[in-house]
Amino acid sequence: MTGAIKKCHVTIIGAGPYGLASAAYLEAAGVEARVFGEPMSFWKNQMPVGMCLRSSWSASHIADPKQQVTLDAYCHQNGNHVSKPIPLDRFVDYGQWYQRTLVPHLERRQVARVDLDSGGFRVTLADGEEFLSRRVVVATGIGTFASRPAEFVGLPLELASHSSEQNDLRKFKGQRVIVVGAGQSALESACLFKEAGIEVEVIGRQKSLRWVGLHPKLHHLGALSWLLYSPRDVGPAGISRLVSMPHLFRRFPRQFQDRTAYRAIRPAGAGWLQPRLVGMPITLGRRIVSAKAKGSQLHLNLDDGTERLVDHALLATGYRVDVSRYEFLSGSVSQRLETVGGYPVLKRGLESSVPGLHFLGKPAAWSFGPLLGFVSGTEFAARELLYCFHHRNGTR
Ligand SMILES: Cc1cc2nc3c(=O)[nH]c(=O)nc-3n(C[C@H](O)[C@H](O)[C@H](O)COP(=O)(O)OP(=O)(O)OC[C@H]3O[C@@H](n4cnc5c(N)ncnc54)[C@H](O)[C@@H]3O)c2cc1C
């Protein structure tokens, strides 16, 4: 019954920081949009209970057009104190308050499929509803892109899990655990294990640990600090400023962009983790070359010839963007999508090679730089999305 099918102007898929911010900006600009997703679900369900944000206060506001729904406003209006570093549960609560305040029309429903249709897209929801949308904004985050080292593929979840598959690490009480990785997620998870009385060792490939935020005084040197650091807080001195300007950043040669992006976001722990890691067994410069089930345990061989027998390996091994893994994108959409290394190639308005299909958040990082992988990129992304409506009147 195509005659009766509903139509809408824009569909936003995702209710994390990017989906919410873009919904708020479109609403303020008078653009009609349907918004789908579970508010802050990735943060709530796929990050460890007890975690704190690595990003600073200034870099953790979800952008809103009037700058009134900030973390400060959240504290003020709800009488909530939020400590620094920002605890995960507070940030989730802030995001949900943001949603209730600015995106009350959010639909907590899953998008199952996006197909091409004349004049735009046919969107199918998991509950069966279908409608047509002129534009689709994909803001579904990195949850789908968990990267598991080849040695661990095929092992049961009880023996090896990706960090995104765990929520409450205290359930490993009484077990011996290995954390694989040496970035913030690995180091913080290891601290949470240790603090819960769980025996833990960290094994990482890099030769030494790297830290961020060890020199807070550098942020209080007036004009000099302003020149070196953007409040968006992605990357070290100098790079921080450059990546905070995605339009400038993307003009540089590709090789420079790639090297600078890596330098901005390479695995590193927040300085405030250091005292919590005292006494932690950490093995660096080593690879795990095999991982096999041995009875109810996991047997690991390292490239230095040593072995470990543990109850569980937590793989804090990051995420690898590959938009072909977004199951809701139909074959006809995926085939027309120009990608590089799994990232969609985007132009102004964060629009892909499929006209009217936009990508926000980390998938936009190949085209617009590492800022787009963080909450502090929400303002740029939401404003950039509006570009389409200001310059093309939202039509295709
Ligand atoms: C352990 C960890 C710590 C981090 N710490 C920080 C930090 O301190 N600061 C920082 O800036 N960034 C941090 N990040 C990065 C963080 O993931 C991103 O900044 C942020 O989540 C990007 O928001 P997003 O809106 O793109 O995606 P997400 O927050 O992942 O939101 C995705 C949304 O899409 C919805 N969704 C997915 N599929 C569908 C579907 N088919 N239909 C409908 N809805 C769907 C989900 O329900 C969810 O609402 C961290 C990441 C990890 C893994």
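About the cut-offs
As a convention, each chain's residues are numbered from 1 in the sequence order in which they are written. With the structure being a predicted model, the display of local features is reserved for residues of pLDDT at least 70 and the display and counting of side-chain atom pairs for 80 or more, all residues being used for whole-chain, interface and lining totals. A helix here means a DSSP run of H or I that spans at least four residues, while a strand means a run of E at least two residues long, and both kinds are numbered starting from the N terminus. Here the expected span of a helix is defined as 1.5 Å times the quantity of residues minus one. Counts of 20 or more other C-beta atoms within 10 Å of a residue's own C-beta define buried residues, counts of 12 or fewer define exposed ones, and intermediate counts define partly exposed ones; C-beta atoms are placed from the backbone. Strand pairing is defined by DSSP finding a minimum of two bridges between the two strands. Between N-to-C directions, angles span 0 to 180 degrees; the directions come from axes that are lines fitted to C-alpha atoms, helices contributing only their stretch in contact. In this entry, domain limits derive from an automatic or database-based domain assignment. In this description, a residue-residue contact is defined by the distance between C-beta atoms placed from the backbone, which must lie within 7 Å. Under the scheme applied here, ten amino acids are nonpolar (Ala, Val, Leu, Ile, Met, Phe, Trp, Tyr, Cys and Pro), four are charged (Asp, Glu, Lys and Arg), and all others, including Gly, are polar.

Student: Give me helix α1 (residues 17-28): which residues, what numbers.
Tutor: Three or four residues apart is the spacing at which side chains of an α-helix point the same way, because the helix has 3.6 residues per turn. The end-to-end C-alpha separation of α1 is 17 Å, in line with the 16 Å expected for 12 residues at 1.5 Å each. Across the 12 residues that make up α1, a large majority, 10, are buried. By the burial criterion, the buried members of α1 are Pro 17, Tyr 18, Gly 19, Leu 20, Ala 21, Ser 22, Ala 23, Ala 24, Tyr 25 and Leu 26. Backbone geometry just downstream of α1 places Gly 30 in the positive-phi region, at approximately 80 degrees.

Student: Provide a residue-level description of the sheet that holds strand β14 (residues 307-310), including the pertinent values.
Tutor: Taking strand neighbours across the sheet as the criterion, the three strands line up as β12-β13-β14 in an open arrangement whose pairing is antiparallel. The strands lining the two open edges of the sheet, one partner per strand, are β12 (288-294) and β14. Across the sheet, the mean angle from the axis of one strand to that of its neighbour is 20 degrees, orientation sign disregarded. As judged from the six bridges shared by β12 and strand β13 (residues 297-302), these two strands associate in the antiparallel manner. Of the residues in β13, the one forming a bridge with Lys 294 is Gln 297.

Student: Residue-level account of the domain arrangement of the protein, with values.
Tutor: The assigned domain composition of the protein is domain 1 (2-142 + 321-392), domain 2 (150-210 + 267-315) and domain 3 (211-265). Of note, the centres of domain 1 and domain 3, computed from C-alpha atoms alone, are 24 Å apart. In this assembly, 13 residues from domain 1 lie in contact with 14 residues from domain 3. Here the residues of the side of domain 1 that touches domain 3 are counted per class, giving six nonpolar, seven polar and no charged.

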